[in-house]
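So you can see what is in the structure, the chains are spelled out below.
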Amino acid sequence: MRFDILSVLPELLESPLNHSIMKRAQNKGLLEVHTYNLRDYTTDKHRQVDDYPFGGGAGMVMKCEPIAACMDELLAERSYDMVIYTSPDGVTLDQHLCNRLSMMDNVMILCGHYKGVDERIRETYITMEVSIGDYVLSGGELAAAVIVDSVGRLLPGVLNDESSALSDSFQDDLLAPPVFTRPAEWREKKVPDVLLSGHEKNIDTWRYEQSIERTKKRRPDLYEKYLKG
Ligand code: SAH
């Protein structure tokens, strides 16, 4: 799967996408991430990517021309399954959307900055607007990194133990059960006996029950969804 990410600060994407699982996914050739600095698509000598908002008010707005130039170039090279704009007013990213995106081949992501991008870019190029939650970030780069990480780890072959992604929270609208590692007793707190029993069926049942309990208590909204199937 290939991600092309357009940004005025691509440096912000380097660390989150070049370590651990994301690095391995790219080294294995399962995931490609290309970043583009929108300043490289400006034509003026100040390499200006933003301008004052029409109608006045605080903050700057990302200009149409550099974004259009970069997107036109990419769109001429390949077709994209989705052109995403990261935005607080988009659909909220959840595991279902991650699963859906993980089936795609080419996804473009535009990161906003300042007050956001000129609305006409959204109308012309964007096929999906995605928010990572009801709060405001200073730029879309962290949101893009969240999208690439949450989608990238679902690609077949990225996680060593393939069943691992399937047992994570949200995969079946349930939260994950608690996990423990050695030592079996720590500060007089014991690991539940069943996990030490080696009895696979009982362990599965215990984990399932814990998932149900946890979801009921912490996320009644999600539990409703689970019951509806
Ligand atoms: N004026 C905008 C916020 C701009 S924040 C508004 O009130 O809606 C600057 C940029 O950060 C946005 O253009 C967007 O790309 C990114 N961003 C901020 N919060 C985000 C969120 N919750 N999810 C995804 N992207 C976000």
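Scroll up for the structure.
The sections below set out a description of the structure shown in this document. (Residues numbered from 1 in each chain as written. Predicted model: local features only at pLDDT ≥ 70, side-chain atom pairs only at ≥ 80, totals over all residues. Heavy atoms only, no water.)

## Details of the nonpolar core
Within the largest apolar cluster, 31 residues are counted, with the highest numbers of intra-cluster contacts made by Phe3, Ile5, Ile84, Ile109, Ile147 and Val148. Top element by residues in this core is helix α6 (residues 141-152). It accounts for five residues. Leave out the neighbours within four places in its chain, and Ile84 touches Leu101, Val107, Met108, Ile109, Leu110, Ile126, Met128, Val130 and Ile147. Listed in part, the 22 residues of the second largest apolar core include Val49, Cys64, Met108 and Tyr125. (Core = buried A, V, L, I, M, F, W, Y, C linked by side-chain atoms within 4.5 Å. Buried < 20%, exposed > 50% of the residue type's maximum accessible area, 1.4 Å probe, protein only. Helix = DSSP H or I, 4+ residues; strand = E, 2+ residues; numbered from the N terminus. Contact = heavy atoms within 4.5 Å.)

## Observations concerning unusual backbone geometry
Residue Pro183 follows Arg182 across a cis peptide bond; omega there is 0°. Checked against the element boundaries, Pro183 lands in the loop between α7 (163-166) and β8 (185-186). Backbone geometry at Ser20 places phi at a positive 55°, although glycine is not the residue there. Its place among the elements puts Ser20 in helix α2 (residues 20-27). Phi at Glu188 takes a positive value of approximately 65°, unusual for a residue other than glycine. Relative accessible area serves as the criterion here: at 75%, Glu188 is assigned to the exposed category.

## Considerations on the environment of Cys70
You can see Cys70 is positioned in helix α3 (residues 64-77). The exposure class of Cys70 is buried, given its relative accessible area of 0%. Separated by 30 residues in sequence, Cys70 and Asp40 have C-alpha atoms that sit 8.6 Å apart. Not counting residues within four places of it along the chain, the set of residues in contact with Cys70 comprises Leu6, Tyr36, Leu38 and Tyr41.

## What to know about the environment of Leu155
Its place among the elements puts Leu155 in the loop between α6 and α7. Sequence-wise, Leu155 and Thr35 are 120 residues apart; in three dimensions their C-alpha atoms are separated by 20 Å.

## Considering a nonpolar patch on the surface
A cluster of nonpolar residues, Tyr135, Leu137 and Leu142, forms a patch on the protein surface that exposes about 280 Å² of accessible area. Among the structural elements, Leu137 can be located in the loop between β7 (128-131) and α6. (Patch = residues over 30% accessible without salt bridge, like charges linked within 9 Å, V, L, I, M, F, W, Y side chains within 5 Å. Areas by Shrake-Rupley, 256 points an atom, 1.4 Å probe, with all protein chains shown as cover. Salt bridge = Lys/Arg side-chain N within 4 Å of Asp/Glu carboxyl O.)

## Notes on the pairing of strand β1 (residues 2-7)
Taken across its six residues, β1 has six buried, putting it largely inside the fold. Burial along β1 is two-sided: Arg2, Asp4 and Leu6 facing one way and Phe3, Ile5 and Ser7 facing the other are all buried. In terms of strand pairing, β1 meets strand β2 (residues 32-37) through six bridges, oriented parallel. Looking across to β2, one finds that Asp4 is bridged to His34. Pairing between β1 and strand β6 (residues 106-110): five bridges, direction parallel. By the bridge assignment for β6, Arg2 is matched with Asn106. (Pairing = 2+ DSSP bridges.)

## Some words on the sheet that holds β2
Strand order in the open sheet formed by five strands is β2-β1-β6-β5-β7, and the pairing between neighbours is parallel. Both edges of this open sheet fall to β2 and β7, since each of them pairs with a single strand only. Across the sheet, the mean angle from the axis of one strand to that of its neighbour is 30°, orientation sign disregarded. Judged from the five bridges that link them, strand β5 (residues 82-92) and β7 form a sheet pairing that is parallel. Each bridged residue has a counterpart across the sheet, and for Ile84 the counterpart in β7 is Met128. Of the strands in this sheet, β5 and β7 are in contact with helix α4 (residues 95-102), which crosses β5 at around 175°. The strands touched by α6 are β1, β2, β5, β6 and β7; relative to β1, the strand with the most contacts, the crossing angle is about 175°. (Axes fitted to C-alpha atoms, helices over the stretch in contact; angles between N-to-C directions.)

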